[in-house]
Amino acid sequence: MRSFIALLLLSLSAFSFAAPTEDASDDQLAALLFNDPASPRTGATSPKLTIVSFTDYNCPYCKQFDPMLEKIVRDNPDVQLIVKLLPFKGQSSVNAAKAALSTWQQAPDKFWALHQRLMMKKGYHDDASIAAARAKTGTDGIKTDDKTMDSLKMNLILAQVLNIQGTPATIIGDQMVAGAIPYDDLEGLVKEQLANARGR
C-alpha cells in the first residue's frame, strides 16, 4: 500500500504547473509541502513529526483548532508545525494571509503574535480588523508584499492535489485530518504518529 507521501508525490507530478521544472525530483516536490521557507513554522528544528496545517483566518473551525495545534507543539518537543494559509473565504482571507506572510518574511519573530491575533477575531475580517491586529502586534510598519500571492497560489494548488474541500485540513504523519477534531483525539493521533516515527 502506497504511503500518503508517495500518493502526494504521484499526484503532484500529474500537475505539471505545480512542479518547479518538468523533471523535478520527488524531493523537490516534497519540498513544496514540507520545506518551503515561505511557509511559517514553529517547534522542533529537527522534528520526528511534522504537522502541516491548511488554515484560513476567516474559518470559525480554524479559530478553534489552531490553538490546539500550537499547544501540541508546546507539549511535544519533537513536533514541528507548518502553516499553509489557504484563503478560501473571500478577499479578506487573502488580505489577512498576505499581511501574515509578509510578516513571516520580514519579521518572523513577530509572525505568531499576529497569527494568533488574526485567529482570535470572531467572524470575518475586514480591512479595519486586519489593521487593528497589525497595530496591536506591532507589525503595522511591515509593508505587505504582493509576492506573497505566489505562496498562496501554491497552497491552493497543493489543496487541489490533496482534494482539500475546506479548512482546517491537517496532515499529521501519514494521516489527513479533515476539519477540527477534539483535543484528546488530536493528542492521541500525534502520540501514535510519534511512536511510529521513533520506531522506524
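Basis of the calculations
Residues numbered from 1 in each chain as written. Predicted model: local features only at pLDDT ≥ 70, side-chain atom pairs only at ≥ 80, totals over all residues. Heavy atoms only, no water. Helix = DSSP H or I, 4+ residues; strand = E, 2+ residues; numbered from the N terminus. Buried < 20%, exposed > 50% of the residue type's maximum accessible area, 1.4 Å probe, protein only. Contact = heavy atoms within 4.5 Å. Areas by Shrake-Rupley, 256 points an atom, 1.4 Å probe, with all protein chains shown as cover. Salt bridge = Lys/Arg side-chain N within 4 Å of Asp/Glu carboxyl O.

Attention shifts here to the overall build of the chain. Within the chain, the regular secondary structure consists of 8 helices and 5 strands. Ordered by position from the N terminus, the helices and strands of the chain form the series α-α-β-β-α-β-α-α-α-α-β-β-α. For the chain, the proportion of its 200 residues judged to be buried stands at 50%. In the chain, of all internal contacts separated by at least 6 residues, the share reaching a separation of at least 24 is 76%. Working note: accessible area of the chain is about 10,000 Å², and carbon and sulfur atoms make up 51% of it.

Counted by the stated rule, this structure contains 2 salt bridges. One salt bridge in this structure joins Lys 71 and Asp 75, with 2.7 Å as the shortest N-O distance. With Lys 71 and Asp 75 both in helix α3 (residues 60-75) and 4 residues apart, the pair spans about one turn of that helix. Among the residues examined, Lys 71 registers a relative accessible area of 34% and is labelled partly exposed. Taking relative accessible area as the criterion, Asp 75 reaches 40% and is therefore assigned partly exposed. Salt-bridge contacts for Asp 146 lead to Lys 98; the nearest nitrogen and oxygen are separated by 2.9 Å. Of this pair, Asp 146 sits in the loop between α6 (127-136) and α7 (148-161) while Lys 98 sits in helix α4 (residues 91-106); the two residues are 48 residues apart in sequence, bridging distant segments of the chain. Note on Asp 146: relative accessible area 55%, which makes it exposed. The exposure class assigned to Lys 98 is buried, which follows from its relative accessible area of 14%.

Just geometry here; none of it tells us what the structure is for.
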